[in-house]
Amino acid sequence: MRTTRTGTPARTATRGNFTALTVVSVAGILALTGCGLRDHREDVGAPGSSPSSVPSVAPKASLPPGRPLGTDAHVPSPSGVDGTDATEVSEAWAEVAYGYDTKYDYGPHDAILRSARWFTPAKAAAERSYHPASGAGAEWNTWAGHRAWTTVKVTPDDDADGPADTAVLAYRALYVEGTAQGRDGWTGTGPRANVYLKLTRASGGRPWRVAEVTTVEAADPPPLPSVSPSTPMSPSGSASMMSSNPSSNTPS
């Protein structure tokens, strides 16, 4: 049984369907992402691209690597992970890969590099040579504004219809749900995503390693409608959302 030094919140979001793993894997898992989080790589100058398809903009400067962690860093460090258990390896990887500390990390990729202990050599080399060329996004900026760290709960997202394990190949689907905790006392929503992993190993009995990662970031749930005293109620007790003008219900 592995343990960590950081706590995790209770899960409330709906998990995805493991069937997506098979579809994504067959259709081209690498086309969606290369590092397990939102992929900011650009295909400018890619082999086979025509000159007209290359934007006439200056290349973006790569983000610098994160600072060395200090004694007050809040990042997960799983221990007691059974390397021969594909599920334990997958969950430990996800816990570290989504455990950010914005006081030290410049973006999610810094956590990805901390998770490299569970990568195959080829995957680890690819991630270490990759330098994100764009900002980490508005959500990250919110966390960074509070010098927040994130903690996540990782749960299996397997509906039992995925590919069966072989001696050297395994797939796992996980749901990651996190919270962000600021050093100023602020708390907020952390990373949330469905994560699909392909794991390989040289032979039976050897440790599993993560070879490929695909993520689908969880969408924010729609806000509940406000109900005024004059709003008619349906028999079930929920507010009636009927409108005489259909276009008024169309999102702008």
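All values reported here derive from a predicted model rather than from experimental measurement.

Undergrad: I tried to follow the packing of aromatic side chains on my own but got confused; where do I start?
TA: Aromatic ring pairs: the centre-centre distance and the angle between the two ring planes describe each pair. The final tally for this structure, using the stated rule, is 5 aromatic pairs. Judged by centre distance (5.1 Å) and plane angle (55 degrees), the rings of tyrosine 100 and tryptophan 140 are tilted. Linking tyrosine 100 in the loop between α2 (86–97) and α3 (108–114) with tryptophan 140 in helix α5 (residues 138–145), this pair joins segments that are 40 residues apart in sequence. An identical accessibility class is assigned to tyrosine 100 and tryptophan 140; each is buried. Grouping aromatic residues by their ring pairs yields a cluster made of Tyr98, Tyr100, Trp140 and Trp143. Over the face of the ring belonging to phenylalanine 119 we find lysine 123, whose NZ or CZ atom lies 5.7 Å from the ring centre.

Undergrad: For this particular structure, what's the right way to read the pattern of salt bridges?
TA: A pair can form between side chains of opposite charge whenever their charged atoms are brought close. For the structure on display, the rule yields 6 salt bridges. In this structure, aspartate 101 and arginine 183 form a salt bridge, with 2.9 Å as the shortest nitrogen-oxygen distance. A residue pair is termed long-range when its members are at least 10 positions apart, and aspartate 101 in the loop between α2 and α3 and arginine 183 in the loop between β2 (169–181) and β3 (187–200) qualify at 82 residues. On the basis of relative accessible area, aspartate 101 is assigned to the buried category, the value being 0%.

Undergrad: How should I be thinking about the side chain of threonine 151 in this particular structure?
TA: Relative to the helices and strands, threonine 151 resides in strand β1 (residues 149–156). The class for threonine 151 is buried, based on a relative accessible area of 7%.

Undergrad: Is there a simple way to think about the sheet that holds β2 in this case?
TA: Through backbone hydrogen bonds, the strands of a sheet pair up, either in parallel or in antiparallel fashion. Here 4 strands make up an open sheet; going across it, the order is β1-β2-β3-β4 and the pairing antiparallel. A strand with exactly one partner marks an edge of an open sheet, and here the two such strands are β1 and β4 (209–217). Pairwise comparison of adjacent strand axes, ignoring direction, gives a mean angle of 30 degrees for this sheet. Here β1 pairs with β2 via 8 bridges, running antiparallel.

The rules behind the values
Residues numbered from 1 in each chain as written. Predicted model: local features only at pLDDT ≥ 70, side-chain atom pairs only at ≥ 80, totals over all residues. Heavy atoms only, no water. Phe/Tyr/Trp six-rings, centres within 6.5 Å; stacked < 30°, edge-to-face > 60°. Helix = DSSP H or I, 4+ residues; strand = E, 2+ residues; numbered from the N terminus. Buried < 20%, exposed > 50% of the residue type's maximum accessible area, 1.4 Å probe, protein only. Lys NZ or Arg CZ within 6 Å of the ring centre and 35° of its normal. Salt bridge = Lys/Arg side-chain N within 4 Å of Asp/Glu carboxyl O. Pairing = 2+ DSSP bridges. Axes fitted to C-alpha atoms, helices over the stretch in contact; angles between N-to-C directions.

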